[in-house]
Amino acid sequence: MRAALAEAKKGLGRTSPNPAVGAVLVIGDRIVARGHHREAGRAHAEVECLRNFDAPVPRHATLYVTLEPCSTEGRTAPCTNAIIRAGAKSVVVGARDVNPRHSGRGIIQLRNAGITVQEGVLADECTQLNETFNKWILTGLPFVIAKCGMSLDGRLTRPDGEPRWITGRDARHDAHRLRARVDAVLVGAETVRADNPRLTIRGVRGARQPWRVVMTRSGRMPRRAHLFSDKFAGRTLIYRRKPLAAVLKDLGKRGITNVLIEGGGEVLGQALDSRLIDKLQIYLGPIVTGGPVIAFSGQGAAKTAEARATLSISGSGKLFASRAIQRLCRTNRRGSFRAIVLFNDWEVKQ
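Residues numbered from 1 in each chain as written. Predicted model: local features only at pLDDT ≥ 70, side-chain atom pairs only at ≥ 80, totals over all residues. Heavy atoms only, no water.

Within the protein, the secondary structure is distributed over 12 helices and 14 strands. Split into buried and exposed, the 350 residues of the protein put 49% on the buried side. Taking the intrachain contacts of the protein between residues at least 6 apart in sequence as the baseline, contacts between residues at least 24 apart amount to 71%. If you sum the accessible surface of the protein, you get close to 17,600 Å²; carbon and sulfur atoms cover 49% of it. (Helix = DSSP H or I, 4+ residues; strand = E, 2+ residues; numbered from the N terminus. Buried < 20%, exposed > 50% of the residue type's maximum accessible area, 1.4 Å probe, protein only. Contact = heavy atoms within 4.5 Å. Areas by Shrake-Rupley, 256 points an atom, 1.4 Å probe, with all protein chains shown as cover.)

This next bit is on the environment of A82. One can find A82 in helix α3 (residues 79–86). Along the sequence, A82 and V47 sit 35 residues apart, while their C-alpha atoms lie 6.5 Å from each other. The residues contacting A82, other than those within four sequence positions of it, are V47 and L50.

What follows deals with the pattern of salt bridges. A complete count under the given rule lists 17 salt bridges for this structure. When salt bridges that share partners are traced, they join R96, R111 and E119 into one network. (Salt bridge = Lys/Arg side-chain N within 4 Å of Asp/Glu carboxyl O.)

As a further point, take the nonpolar core. Counting residues in hydrophobic clusters, the biggest one holds 33 residues, and the most contacted among them are L25, V57, L63, I83 and V91. Among the secondary structure elements, those contributing two or more residues to this core are α1 (2–9), β1 (22–27), α2 (45–53), β3 (61–67), β4 (90–95), α4 (105–112) and α5 (123–129). Other than its neighbours up to four places away in sequence, L25 contacts R30, I31, V32, A33, C49, F53, V57, A61, T62 and L63. Core analysis: the next-biggest nonpolar cluster, separate from the first, contains 28 residues, L186, L272, L280 and A295 among them. (Core = buried A, V, L, I, M, F, W, Y, C linked by side-chain atoms within 4.5 Å.)

The interhelical angle for the contact between α2 and α3, taken along N-to-C directions, is 25°, at an axis separation of 9 Å. As far as their axial angle goes, α3 and α2 are roughly parallel. Crossing hand, α2 versus α3: left-handed. Packed against α2, whose contacting residues are E46, V47 and L50, the element α3 presents C79, A82, I83 and A86 at the interface. Among the residues making up the contact of α2 with α3, the classes are represented as 6 nonpolar, no polar and 1 charged. (Axes fitted to C-alpha atoms, helices over the stretch in contact; angles between N-to-C directions. Parallel < 35°, antiparallel > 145°, perpendicular 65-115°, else oblique. Left-handed = near helix turned anticlockwise from the far one by under 90°. Nonpolar A, V, L, I, M, F, W, Y, C, P; charged D, E, K, R; others polar.)

What follows concerns the packing of aromatic side chains. Taken as a whole and assessed by the stated rule, the structure comprises 1 aromatic pair. A centroid spacing of 6.4 Å and a plane angle of 50° characterise the contact between F133 and W136, whose relative ring orientation is tilted. Of this pair, F133 and W136 both sit in helix α6 (residues 131–139), 3 residues apart, roughly one helical turn. Residue classification places F133 among the buried positions, given a relative accessible area of 7%. For the cation-ring pair, R172 lies above W165, with the distance from its terminal atom to the ring centre recorded as 4.1 Å. Taking the ring centre of W211 as reference, the NZ or CZ of R235 above it sits at 4.5 Å. (Phe/Tyr/Trp six-rings, centres within 6.5 Å; stacked < 30°, edge-to-face > 60°. Lys NZ or Arg CZ within 6 Å of the ring centre and 35° of its normal.)

Let's shift gears to the sheet that holds strand β5 (residues 116–119). Taken together, the 5 strands give an open sheet; going across it, the order is β2-β1-β3-β4-β5, and neighbouring strands pair in mixed fashion. At either end of the open sheet lies a strand with only one pairing partner, and these are β2 (30–36) and β5. Direction aside, neighbouring strands of the sheet carry axes that sit 20° apart on average. Pairing geometry for β3 and β4, over 4 bridges, is parallel. Each bridged residue has a counterpart across the sheet, and for L63 the counterpart in β4 is V91. Lying on the sheet, α1 is in contact with β1, β2 and β3; it crosses β1 at an angle near 145°. Relative to the sheet, α2 contacts β1, β2 and β3, its axis offset from that of β2 by approximately 135°. (Pairing = 2+ DSSP bridges.)

With 86% of its residues at a pLDDT of at least 70, the protein reaches an overall mean of 85. Below pLDDT 50 for its whole length, residues 308–336 participates in 71 contacts with residues either more than four positions away or in separate chains. Under a pLDDT of 50 for its full length, residues 345–350 has, in the predicted model, 16 contacts with residues more than four places off or in other chains. (pLDDT = per-residue confidence, 0-100.)

Let us look at helix α11 (residues 265–273). Of the residues making up α11, those classed as buried are G265, V267, L268, G269, A271 and L272. Tucked into the core, α11 has its buried residues touching β6 (143–151), β7 (184–188), α10 (244–253) and β10 (258–263). R275 occupies a position one or two residues after α11 and carries a positive phi of about 55°.

Structure follows, in structure tokens:
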């Protein structure tokens, strides 16, 4: 199943609005075929895996798949039919599909066809792999990741006249990898005016360009900004005088399953106060800037207990605690969100 998970991860950021799924076919103790879902409309992982085997499936073979095979026809035929036709007699499923149209039905169809089905193997890992799809398919709302590069005093910027960056190259490259896994990147109009960002993906081979979303009150935007004049201008959406919750609802209707909020401070604060964040990713530079823009300029938590944090740090090298993970357990109506903090020593070394 871990091999199937590795296959599924190849599709992260490329399969939306479908989930990322991987499959492997095993005979004895040897993997004889692999497959993963590459993009919506193309073959699902199980079908690709069986095609790659390109032979009748022996009775003693076992098909491992990270997500319950689909049982209904959409852009492609049901995967359950392909598995049954291939002659597979043993299937191991990582997680059940939370999609109400599919949940449990694929497993029932396979068992009714005389196939032995084992489910729940590495279920937590298989479920978390598709946390964005799972939220969207159940609620119609995209999974929201809030990301920023922040100084120790909670600032997104440095004073005028100083170098722009708070974090270093490693943090910025990691942020591009994060962009490569989302459907849309959202910023406020002030970020467009002040930074003229491109919000493109650089340094990640084969990544597809996410939608670029701008929230504005006045509607006055610089027409020559990169977002409105580069080759991806057609993938820029502007929302005027809309609250963030309404914007996210509309994006969900467009089939956008996850959104990366990159700033500025007002938008980040609004997202936090409105309890719209599912995951928080902070790149923390060990410098006090005193800059004018606060990272989360909202109302804050009513009690310290609502923003409890536990910190686990590991790793070393160019990134100080490069895989430091901070999990914030913030109680709210929808449960809690997770936070990942990457500490960067770039400023110290300069």
